[in-house]
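Read off the chains here:
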Amino acid sequence: METLILSGVSKNYGKHIALQNVSLEIEFGMFGLLGPNGAGKTTLMRILTTLLSASSGEIRFGNLNWNEPHKIRNIIGYLPQKFYLYKQIKVREALQHIAKLKGIQSNNDKAVDSVIEKVNLSDQRDKKIGKLSGGMVRRLGIAQAILGDPKIIVVDEPTAGLDPEERIRFRRLLRQLGRETIVIISTHIVEDIEATCDKAAILHKGQLIKSGDIHTLGKIAQGKVWEVSVSEDDFHSMYEKCNVISSHRTDNIYRLRILSEEPPMNAGLFSPSLVTPSLEDAYLYLMNKKG
Amino acid sequence: MKGRLNLIFDWKAMGVNAYIPFIVVLVLISYSKMKQDALTHIIPALELTFPVFAAWWSIFLFQDVVEEPGSETLFSYPIKRWKLGLARVGFFFIIYIILMLIMLFIIDQWLVTEEILLPLAIQLGTQSFFFAGVGFLSMVLFLKSGWALVILVVYTSTQVLTRGTLIPIVNIFIFNQGVLPISDLWGPALFSVLMGTIFWALAHMLFLKIRHFV
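Draft legend 1. Quick peek at the UniProt feature "transmembrane region" (unreviewed entry) in chain B. Those places that UniProt annotates as "transmembrane region" (unreviewed entry) correspond, in this numbering, to residues 12-32, 38-63, 84-107, 127-154, 166-183 and 189-208 of chain B. Counting secondary structure, residues 84-107 of chain B comes out at 100% helix and 0% strand; the distance between its end C-alpha atoms is 35 Å.

Structure representation (structure tokens):
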């Protein structure tokens, strides 16, 4: 299996540096790009999909190089954050048109029917796109991205605006795609990455902070995530005093998850205990450190 | 893979906007019938209406390509940008010219006695070429059909109200009330083609460089 290799990729808009010297190796499977808004994720996605060219650096995939964008477009499938085209057109007809734009010569109809089935839109194939729900439009978006069996699929903010049920369904679909190809998803929702990806990279202000296996990334916050139970009275003061990342209420007791280098002192009903950090904990820890 | 165009799809994707130029032609034929043989009314109506609507398809062809959320996806496909831009505008302009010839033929054969087909085909055809370029350029510049239409309305209304004196350098209207001899049409026709070519070329170059996505 070929690997997507980014070496020292940078992008400047005048004096503004959107991406700075990003180097990554992305293997077959699901890969997550995590970062807050403005981290440079969308810029990187657009460079990967040849919509933008990098100011410097190199991107390669096997024998292919991103300095020949017309060749790259044959192996890329892209779903941007918002996708709502051809509202007047029926699902199947729109995908047939996209198949032509993508230059799929043979078995155009078969390829279209196959992706419709894959994204579970068979019942909606003759519906106008304008009549689809948000989740269905998102699935149509992924259908156009996978049409033509691209080797690299790039998905920007995959679950933005989806209800919880659709979010789960969409993540499952992405997981399935990751069995056959490289799928890169970019998001600021850590849960999306945890639920779908094996590996991830964290971007902040255009720089790559960390990359690697999801579990290894989680360990960055090892020894810094505490859990403590407090009464309702102490709940608000704890929120003010400590860096609380999450809270769960059981009867009148609040279980707080706190990010701290030291054990939180005088912290509630029970003494604080260290817990195994998740990717989200690690992400928040890194973001706190970076300010 | 090499992307191919599908112009019937482009037609459908424009929705109701695809039919507006046909409605304009029907209205103009009806008006010509109403004013039977009164060229002093018919020619100004044709000149001030028909060429302007040549911009219509140039604008609405690009709604999905530059204006709608996710249109950037289209630029990630292996289809050449000139095909998505210049080729589509060019094809729909040819349809518009065929529509014009049909309209002029009907008026020429049944609604007026004077020979109008060739002189008006030269006059309206070259003016339409100019306006198709205005539509293409304004859509590529503003990436919004609403703004492109505003440009079109502002240009046309100011030129018509001031009879071309407000911005004479880009005035392509002749404001004639009768059929001009072909020898008198070459100058204005060449001017329209020249200005149109500049607009088409500018729009094409800008379209190749679009980096701003919705």
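Draft legend 2. Broad picture of a nonpolar patch on the surface. All names here are of chain B. Where nonpolar side chains cluster on the molecular surface, the patch consists of Leu-141, Phe-142, Trp-147, Val-150, Ile-151, Val-154 and Leu-206 and spans about 610 Å² of accessible area. When contributions to the nonpolar patch are tallied by element, the ones reaching two or more residues are helix 8 (117-142) and helix 9 (145-161). With four residues, the top contributor of residues to the nonpolar patch is helix 9. Topologically, Trp-147 is positioned in helix 9.

Draft legend 3. Broad picture of the sheet that holds strand 12 (residues 244-250) of chain A. All names here are of chain A. Reading across the sheet, the four strands line up as 12-13-11-14 and stay open at both edges, with antiparallel pairing between neighbours. Each edge of the sheet is formed by a strand with only one pairing partner; in this case those strands are strand 12 and strand 14 (273-274). Direction of pairing for strand 11 (residues 225-231) relative to strand 14: antiparallel, over a ladder of two bridges. Of the residues in strand 14, the one forming a bridge with Trp-226 is Leu-274. Sheet contacts for helix 9 (residues 232-241): strand 11, strand 12 and strand 13 (253-259); angle to strand 11, the most-contacted strand, approximately 140°.

Draft legend 4. The interface of chain B and chain A, seen in detail. Taken together, the contact pairs 27 residues of chain B with 28 residues of chain A. Summed over both sides, the interface of chain B with chain A buries roughly 2900 Å², with 58% coming from carbon and sulfur. The tally of links between chain B and chain A comes to three salt bridges. Glu68(B) serves as the salt-bridge partner of Lys87(A), at 2.6 Å between the closest nitrogen and oxygen. Linking chain B with chain A are eight residue pairs in polar contact (both at pLDDT 80 or more). When residues of the side of chain B that touches chain A are traced back to their parent elements, those giving at least two are helix 1 (7-13) and helix 6 (72-75) of chain B. Residue composition of the side of chain B that touches chain A, by class: 12 nonpolar, seven polar and eight charged.

Draft legend 5. Main features of the confidence of the model for chain B. Taken as a whole, chain B shows an average pLDDT of 95; of its residues, 99% reach a score of 70 or greater. Scored by ipTM, the complex comes to 0.88, with pTM at 0.88.

Draft legend 6. A look at the nonpolar core. The biggest cluster of nonpolar side chains holds 149 residues, and the ones touching the most others in it are Leu4(A), Tyr86(A), Ile142(A), Ile152(A), Ile184(A) and Met103(B). Considering each element in turn, this core owes the most residues, 12 residues, to helix 8 of chain B. If sequence neighbours within four positions are ignored, Ile152(A) has contacts with Leu4(A), Phe61(A), Trp66(A), Ile75(A), Ile76(A), Gly77(A), Thr181(A), Ile182(A) and Ile184(A). Residues Val230(A), Met238(A), Leu256(A) and Ile258(A) belong to the second largest nonpolar core, which totals eight residues.

Draft legend 7. The arrangement of the pattern of salt bridges in detail. Residues and elements named next belong to chain A. Evaluated as defined, the whole model comprises 20 salt bridges over all chains. Of the charged contacts, one joins Lys-71 and Glu-68 as a salt bridge, the two residues approaching to 3.3 Å between their closest N and O atoms. With a shortest N-O distance of 3.1 Å, Arg-125 and Asp-113 are connected by a salt bridge. Linking Arg-125 in the loop between helix 4 (108-118) and helix 5 (134-146) with Asp-113 in helix 4, this pair joins segments that are 12 residues apart in sequence. Arg-125 sits in the partly exposed class, given a relative accessible area of 27%. Classification of Asp-113 as partly exposed rests on a relative accessible area of 25%. Salt bridges linked by common partners bring Arg-139, Glu-165, Glu-166 and Arg-169 together as one network.

Draft legend 8. Spatial organisation of helix 8 of chain B. All names here are of chain B. In this model, helix 8 (26 residues) spans 36 Å end to end at C-alpha, consistent with the 38 Å of a helix rising 1.5 Å per residue. Of all 26 residues making up helix 8, 22 are buried, and the element is well covered by its neighbours. Of the residues flanking the end of helix 8, it is Leu-143, one or two places downstream, whose phi is positive at about 55°.

Conventions and cut-offs
- Residue numbers restart at each chain and count upward from 1, following the sequence in its written direction.
- As a convention, the first chain written is A and the first ligand written is 1, with the rest following in written order.
- Confidence filtering applies because this is a predicted model: local features only for residues at pLDDT of at least 70, side-chain atom pairs given and counted only at 80 or more, and all residues used for totals across whole chains, interfaces and linings.
- Side-chain descriptors were evaluated using all non-hydrogen atoms of the structure, hydrogens and water having been removed beforehand.
- UniProt positions are given in the numbering used here, feature names are shortened, and annotations may be inferred rather than shown by experiment.
- Numbering of helices and strands starts at the N terminus; helices are DSSP runs of H or I of at least 4 residues and strands are runs of E of at least 2.
- For patch detection, residues must exceed 30% relative accessible area and be free of salt bridges, and they are connected within 9 Å for like charges or within 5 Å for nonpolar side chains (Val, Leu, Ile, Met, Phe, Trp, Tyr).
- Accessible surface is estimated by sampling points in the Shrake-Rupley manner with a 1.4 Å probe; for residues, cover comes only from the protein chains shown.
- When a carboxyl oxygen of Asp or Glu lies within 4 Å of a side-chain nitrogen of Lys or Arg, that pair is called a salt bridge.
- The pairing criterion for strands is at least two bridges between them, as found by DSSP.
- Every residue pair with non-hydrogen atoms within 4.5 Å of one another is taken to be in contact.
- Angles here are taken between N-to-C directions and fall from 0 to 180 degrees, while the axes themselves are lines fitted to C-alpha atoms, restricted in helices to the stretch in contact.
- Here's the idea: put two parts together, see how much 1.4 Å probe accessible area each one loses, and the total over both is what we call buried area.
- Whenever a nitrogen or oxygen atom comes within 3.5 Å of another N or O atom, the pair is scored as a polar contact, on the condition that within protein one atom can donate a hydrogen and the other can accept it, and that pairs from neighbouring residues in sequence are kept only if both atoms are in side chains.
- Under the scheme applied here, ten amino acids are nonpolar (Ala, Val, Leu, Ile, Met, Phe, Trp, Tyr, Cys and Pro), four are charged (Asp, Glu, Lys and Arg), and all others, including Gly, are polar.
- pLDDT is a residue-level measure of predictor confidence that goes from 0 to 100.
- Nine residue types can take part in a nonpolar core, namely buried Ala, Val, Leu, Ile, Met, Phe, Trp, Tyr and Cys, and a core is a set of them joined through side-chain atoms within 4.5 Å.
- For every residue, the accessible area (1.4 Å probe, protein chains only) is compared with the maximum for its type, and the residue is labelled buried under 20%, exposed over 50%, or partly exposed between those bounds.
- Given a helix with a known number of residues, its expected span is that number minus one, times 1.5 Å.

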